[in-house]
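# Fold and geometry: a report
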Amino acid sequence: RLLVGITMEDLESRVRALEQGRTFAATQQRIREREAEFLSTLREIKYSLEQETSGNEGGSGKFAELQAENTELKAKLAKAEYRISHLVGEMEKLLARRKEDDG
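Keep in mind it's a predicted model, so treat the numbers as computed, not measured.

## A closer look at the overall build of the chain
- On a plain count of helices and strands, the chain comes out with one helix and zero strands.
- Residues counted as buried form 0% of the 103 residues belonging to the chain.

Next comes the structure, spelled out in structure tokens:
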């Protein structure tokens, strides 16, 4: 079939349009493939984060346990410091009385 009234420029323009369309389609396919890879990677990251979060629940319990132990030890330390200061005060009084008795 003969193309009547079509110039060489028209043909070149149509060829370019077809080539660009093919390039566009190929690019779109690569983009879809890349998006599928990203989706897969995101799913893996989500799974890892969920595993870490569920693993931290036990860690939270351990943390609460350590906080309770820390509070208990602070109370024992305060009590011991009070007793020590009381004993030191009594010893100082005793030494002062001895000096008075000796002197």
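Structure's up, so let's keep going.
## Brief notes about the pattern of salt bridges
- Scanning all chains against the criterion turns up four salt bridges.
- A salt bridge links Arg34 to Glu37; the nearest nitrogen and oxygen atoms lie 2.7 Å apart. Remark: Glu37 and Arg34 occur in helix α1 (residues 8–102); sequence separation between them is three residues, near one turn of the helix.
- Residue Lys93 is joined to Glu90 by a salt bridge in which the shortest nitrogen-to-oxygen separation is 3.5 Å.

## A few points about the environment of Ser85
- Following the sequence through the fold, Ser85 ends up in helix α1.
- With a relative accessible area of 46%, Ser85 lands in the partly exposed category.
- A polar side-chain atom of Ser85 sits 2.8 Å from the main-chain carbonyl oxygen of Tyr82.

Reading the values: rules and limits
- Residues numbered from 1 in each chain as written.
- Predicted model: local features only at pLDDT ≥ 70, side-chain atom pairs only at ≥ 80, totals over all residues.
- Heavy atoms only, no water.
- Helix = DSSP H or I, 4+ residues; strand = E, 2+ residues; numbered from the N terminus.
- Buried < 20%, exposed > 50% of the residue type's maximum accessible area, 1.4 Å probe, protein only.
- Salt bridge = Lys/Arg side-chain N within 4 Å of Asp/Glu carboxyl O.
- Polar contact = N/O pair within 3.5 Å; in protein donor to acceptor, adjacent residues only side chain to side chain.

Without other data, these values stay purely geometric and don't point to any function.
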